[in-house]
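Each chain, written out:
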Amino acid sequence: MALARGHAQHFSAVDQRVRRGRAATSNPDGRFEKQARETFHDGWDIDEDLPPIKTDVQVERAKSIISRNDSPDIPFERSINPYRGCEHGCIYCFARPSHGFMGLSSGLDFETKLFAKPDAPRQLTRELSKPGYHAKTLAIGTNTDPYQPIEKKWRIMRQILEVLSAANHPVAITTKSALILRDLDLLSAMAEKRLVKVAISVTTLDRKLSRSMEPRAATPPRRLEVIRQLKEASIPVGISVAPVIPVLTDHEIERILDSGKAAGATEASYILLRLPLEVAPLFKDWLLENHPERYRHVMSLIRSMRGGKDYDAEFGKRMKGSGPYAWQIARRFDMAAKRLGLAKRGIALRDDLFVSPGFGGTQLNLF
């Protein structure tokens, strides 16, 4: 891996007693750091009782809350991230390298040193109030999960939904958390105006595998129950098979879609495993610790779909891959989705009902 300033990155494993309940096996230095740190045995054979790493949350004051992108292979132009880092700790999360910009590790730091943006609702009100603002669907949950465990205390996502609901602004939410059910009142009201849709991410139906690679996310059965309850509340809901991991989860594509359909999903999508920057060695370390007998097979198939590399960031390939195996995955998904009547695009949300928070909202944010 090429690293800034000739930085030599270290992936020394962290004691299992310290990281229990976490997915990453190490806490490598950020790629922008000038100095590297490495743990070593000091020669003292003392079996110390080490406390587990606790989650720490700091406040981040963002200058703006709406992010924009022009990527041709992402179906949205605008997104919001209420939090930086994610306590779910999914080992495969492609957002892990973003912690490097904070001088932190993409490993355990990403799961335990989090940033909350309590000013996000106020910032959003101000941005929606700008002259000439035109509503387009906002995507939330495409980077880190807005309903991760710390949302129960901070309630930032709840407040964002309140702002969007009051302004009749469309929003598409992706999550793997049951905490979204807390906001059924807001979501139901928005759904009546065709202003919201939800995608529930299901990586595997194997509870043991899920606990290992996404340790603080809802169990697979619980996610299917969330789909059922959203459907009963008349909220458009889809299932996202993401990420598809060769050997470990790709054989489950049809079962996951079947289960999602039975629970009430009307849309479906999938994304192939992505291993950018530090995610690749982190995932490989996890794989060697948890499934050493499958390591070579998994990585061989990943590289066969990524032009011989761990990852290919080229537009048009990064989400679905390329080559015969990637084509096979795409065909299996398409055939299963078609058989089940699961739409790829789903309903289009309305953007013609938008009402600007107005002059008052802008003025309040001056103080």
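These numbers come from a predicted model, not from an experiment. (Residues numbered from 1 in each chain as written. Predicted model: local features only at pLDDT ≥ 70, side-chain atom pairs only at ≥ 80, totals over all residues. Heavy atoms only, no water.)

Draft legend 1. The sheet that holds strand β6 (residues 138-140), seen in detail. The strand order across the open sheet built from 7 strands is β2-β3-β6-β7-β8-β9-β10, with neighbouring strands paired in mixed fashion. The open sheet is flanked by β2 (66-68) and β10 (267-272), the only strands paired with a single partner. Strand-to-strand twist across the sheet, computed as the mean angle between neighbouring axes with direction ignored, equals 25°. As paired elements, strand β8 (residues 196-201) and strand β9 (residues 237-244) share 4 bridges and run parallel to each other. (Pairing = 2+ DSSP bridges. Helix = DSSP H or I, 4+ residues; strand = E, 2+ residues; numbered from the N terminus. Axes fitted to C-alpha atoms, helices over the stretch in contact; angles between N-to-C directions.)

Draft legend 2. Summary view of the packing of helix α2 (residues 120-128) against helix α4 (residues 156-166). One can describe the packing of α2 onto α4 by two numbers: an axis separation of 8 Å at closest approach and a directional angle of 20°. Taken together, the axes of α2 and α4 are roughly parallel relative to one another. Crossing of α2 over α4 shows right-handed handedness. Judged by residue contacts, A120, P121, L124, T125 and L128 of α2 engage I156, Q159, I160, V163 and L164 from α4. Its residues assigned to classes, the contact of α2 with α4 comprises 8 nonpolar, 2 polar and no charged. (Parallel < 35°, antiparallel > 145°, perpendicular 65-115°, else oblique. Left-handed = near helix turned anticlockwise from the far one by under 90°. Contact = heavy atoms within 4.5 Å. Nonpolar A, V, L, I, M, F, W, Y, C, P; charged D, E, K, R; others polar.)

Draft legend 3. Representation of the sheet that holds strand β4 (residues 83-84). Here we have 3 strands laid out as an open sheet, ordered β1-β5-β4, and mixed in their pairing. Strands with a single pairing partner mark the edges of an open sheet, and in this sheet they are β1 (56-59) and β4.

Draft legend 4. Structural detail: the side chain of R78. Structurally, the position occupied by R78 is in strand β3 (residues 78-80). Reaching out from R78, the side chain makes a polar contact with the side chain of Y133 at a distance of 3.1 Å. Side-chain polar atoms of R78 contact the backbone oxygen of H134, separated by 2.6 Å. For R78, the contacting residues outside a window of four places in its chain are I66, S67, R68, Y133, H134, A135, K136, T137, L138 and A139. (Polar contact = N/O pair within 3.5 Å; in protein donor to acceptor, adjacent residues only side chain to side chain.)

Draft legend 5. Up close: the packing of aromatic side chains. Counted under the stated rule, the structure contains 3 aromatic pairs. Pairing Y133 with F354 gives two aromatic rings, centres 5.4 Å apart and planes at 55°, and the pair type is tilted. Taken together, the residues span a long stretch of sequence, with Y133 in the loop between α2 and β6 and F354 in the loop between α11 (324-340) and α12 (358-364) at a distance of 221 residues. One Lys or Arg, R274, reaches over the ring of F94 and ends 4.4 Å from the middle of that ring. Cation over ring: K320 sits above Y270, and NZ or CZ is 3.7 Å from the ring centre. (Phe/Tyr/Trp six-rings, centres within 6.5 Å; stacked < 30°, edge-to-face > 60°. Lys NZ or Arg CZ within 6 Å of the ring centre and 35° of its normal.)

Draft legend 6. Examining helix α9 (residues 279-290) more closely. The end-to-end C-alpha distance of α9, which contains 12 residues, comes to 16 Å, matching closely the 16 Å that a straight helix rising 1.5 Å per residue would cover. Every buried residue of α9 is listed here: V279, A280, P281, L282, F283, K284, W286 and L287. The inward-facing, buried residues of α9 abut α6 (207-213) and α10 (295-304). (Expected span 1.5 Å × (residues − 1). Buried < 20%, exposed > 50% of the residue type's maximum accessible area, 1.4 Å probe, protein only.)

Draft legend 7. Representation of unusual backbone geometry in the model. With an omega dihedral of -10°, the bond running from A242 to P243 counts as a cis peptide bond. Backbone geometry at R194 places phi at a positive 60°, although glycine is not the residue there. Look at R194 and you get partly exposed, because its relative accessible area is 42%.

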